[in-house]
Amino acid sequence: MSDQSEYQLEDSLMTQIEDLGYERITIPNEAALIANLKKQIVRANGLSQPLSTDEWKQVISHLESGTSFERAKKLRDKFNVRFDDGSSRHIQFFWPNADDNIWQLSNQIMVDHSSHNGRTSRFDVTILVNGLPLVQVELKRRGGIEIAEAFHQTMRYSKDAYKAGHGLFEFIQLFVISNGANTRYYAKGTKHFNFTFPWADIENKPINEVVDFTNVFLQRSH
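Residues numbered from 1 in each chain as written. Predicted model: local features only at pLDDT ≥ 70, side-chain atom pairs only at ≥ 80, totals over all residues. Heavy atoms only, no water.

Quick word on the environment of serine 178
By the element assignment, serine 178 lies in strand β7 (residues 174-178). Among the residues examined, serine 178 registers a relative accessible area of 0% and is labelled buried. When the C-alpha atoms of serine 178 and glutamate 138 are compared, they prove to be 6.7 Å apart, with 40 residues separating the residues in sequence. Ignoring anything within four residues of it in the chain, the contact list for serine 178 reads Leu9, Glu138, Leu139, Lys140, Ile147, Thr183 and Val210. A distance of 2.8 Å separates a polar side-chain atom of serine 178 from the backbone nitrogen of glycine 180. (Helix = DSSP H or I, 4+ residues; strand = E, 2+ residues; numbered from the N terminus. Buried < 20%, exposed > 50% of the residue type's maximum accessible area, 1.4 Å probe, protein only. Contact = heavy atoms within 4.5 Å. Polar contact = N/O pair within 3.5 Å; in protein donor to acceptor, adjacent residues only side chain to side chain.)

In structure tokens, the structure reads:
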């Protein structure tokens, strides 16, 4: 396919990822992101009832504090919640076994960081694990736009947008950028486009086409 708008590329990618077993949900803003997170934490930990206001306050206060490195560490740690009935229990945010996690997919989540620079931002495609945004995909139109622009866009987001509100987008661990024909990935903390990488097949041949890349790289087990 020689030409494809960003909207068409995004819609096609969403359908493909959904077919990999992700639950497609609509999250228009941070309020919806938080509501979903609260629900998925209860669901993933097998809690018998929703978290109360005081119980949830403990959890969100724990999640919204710390540097990006410290938040990544929280994914591996357990957190002790004191329940209203006087009991306590450690909850988890991420499990090593892929099948023990809840995998969701959303697009065009808007965050308001106008208090910093008078702007809002919308993120193309977001993969959420147990309600937390852990993988961000930024796309550019197929047929002429270099994916380096998508990389620079995530760099701009990192200055204000990911920190906005409760800062839940600071939990992102992995980025994928593509213009359809050229696709790369990189870890949180990457500062230069030269440190973005193509995935490769068993013969070490780069997998550049986003459809082929997605079928391998965005499998939940991977």
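From this point, the narrative continues.
Things to note about the packing of aromatic side chains
Going through the model one piece at a time under the given rule, you end up with 15 aromatic pairs. Between phenylalanine 151 and phenylalanine 193, the aromatic rings sit 5.9 Å apart at their centres with planes inclined by 70°, giving edge-to-face as the arrangement. Remark: phenylalanine 193 occurs in the loop between β8 (183-187) and β9 (199-200) and phenylalanine 151 occurs in helix α6 (residues 148-159); sequence separation between them is 42 residues. Where tryptophan 199 meets phenylalanine 217, the ring centres are 5.4 Å apart and the plane angle is 70°; that geometry is what we call edge-to-face. On the criterion of sequence distance, the pair formed by tryptophan 199 in strand β9 and phenylalanine 217 in helix α7 (residues 210-217) is long-range, its members being 18 residues apart. Its relative accessible area of 25% is what places tryptophan 199 among the partly exposed residues. A residue is classified by how much of its surface remains accessible, and phenylalanine 217, at 7% relative accessible area, is buried. (Phe/Tyr/Trp six-rings, centres within 6.5 Å; stacked < 30°, edge-to-face > 60°.)

Here's the deal with the side chain of lysine 74
With respect to the helices, strands and loops of the structure, lysine 74 is situated in helix α4 (residues 68-76). There is no salt bridge for the buried lysine 74, and the closest opposite charge comes from glutamate 70, which lies 6.3 Å off by N-O distance. Beyond its immediate chain neighbours, meaning those up to four positions away, lysine 74 contacts His62, Leu63, Ser65, Phe93 and Phe171. (Lys, Arg positive; Asp, Glu negative; His and termini not counted. Salt bridge = Lys/Arg side-chain N within 4 Å of Asp/Glu carboxyl O.)

Let's talk about the pattern of salt bridges
For the structure on display, the rule yields seven salt bridges. With its nearest N and O atoms 3.9 Å apart, the salt bridge here joins arginine 24 to aspartate 11. One end of the pair, arginine 24, is in strand β1 (residues 23-24); the other, aspartate 11, is in helix α1 (residues 6-19), with 13 residues separating them in the sequence. Assessed through its relative accessible area of 36%, aspartate 11 is described here as partly exposed. The partner of lysine 73 in a salt bridge is aspartate 77, with the nearest N and O atoms 3.0 Å apart. Each of the salt bridges in this network shares a partner with another, and the network as a whole consists of Asp11, Glu18 and Arg24.

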